[in-house]
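Each chain, written out:
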Amino acid sequence: MTVPPQKAPWIVGRTPLLDHAADDFLNEVTRQKPWRRARYEDLLSALDTFLGGGAPLLAYTRATGEAWLRALHESEQEDARELLTEFRSYLREWGWLDSARPVNQPD
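Below: a short report on this structure. Residue indices follow the written sequence of each chain, beginning from 1 at its first position. Selection of residues for local features in this predicted model requires a pLDDT of at least 70, selection of side-chain atom pairs for listing and counting requires 80 or more, and totals for whole chains, interfaces and linings are taken over all residues. Note that the side-chain values use all heavy atoms of the structure and ignore hydrogens as well as water.

**What to know about the packing of aromatic side chains**
Moving on, step 1. Pairing of aromatic side chains here covers Phe, Tyr and the six-membered ring of Trp, requires ring centres within 6.5 Å, and sorts the geometry by plane angle: under 30 degrees stacked, over 60 edge-to-face, intermediate tilted. A complete count under the given rule lists five aromatic pairs for this structure.
Moving on, step 2. Plain terms: the ring middles of Phe25 and Tyr40 are 6.1 Å apart, the flat faces sit at 15° to each other, and that makes the pair stacked. Taken together, the residues span a long stretch of sequence, with Phe25 in helix H1 (residues 18–32) and Tyr40 in helix H2 (residues 37–50) at a distance of 15 residues. The residues Phe25 and Tyr40 share a single accessibility class, namely buried.
Moving on, step 3. Ring geometry for Phe25 against Tyr90: centres 5.5 Å apart, planes inclined by 65°, an arrangement best described as edge-to-face. Of this pair, Phe25 sits in helix H1 while Tyr90 is found in helix H4 (residues 74–93), placing the two residues 65 residues apart along the sequence. The burial state of Phe25 is the same as that of Tyr90; both residues are buried.
Moving on, step 4. Taken together, Phe25, Tyr40, Tyr60, Phe87, Tyr90 and Trp94 form an aromatic cluster joined through their ring pairs.
Moving on, step 5. By definition, being over a ring means that NZ of Lys or CZ of Arg is both within 6 Å of the ring centre and within 35 degrees of the ring normal. A cation over a ring is seen here: Arg88 above Tyr60, with NZ or CZ 5.2 Å from the ring centre. Helix and strand definitions here come from DSSP, where helices need a minimum of 4 consecutive H or I residues and strands a minimum of 2 consecutive E residues; each element is numbered from the N-terminal end. Relative accessible area decides the class of each residue, using a 1.4 Å probe on protein chains only: under 20% of the type maximum gives buried, over 50% gives exposed, and in between gives partly exposed.

Any link to function would need more than the numbers given here.
See the structure below:
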């Protein structure tokens, strides 16, 4: 019998920031695929900057993600799209989006 992993976030009583979720995501990704850390770290930092720096997690939506992708150079878009797909899946799976939203507002 396996115990399901504890769901994030560990942020209690504060607004979860994109950086908080990104740090947890990067730790998980590097555990599985360490060669992606530097690239994903750069892209997540660029996303946070695009959202105004120190952005609350809820500033990242599908629409803001798509706007960010369009703002990137064409050569960066494929990696960034892959990152956003994995990051959004991680946010859902680990409960980040559910805990950041008011009750009964699904992702």
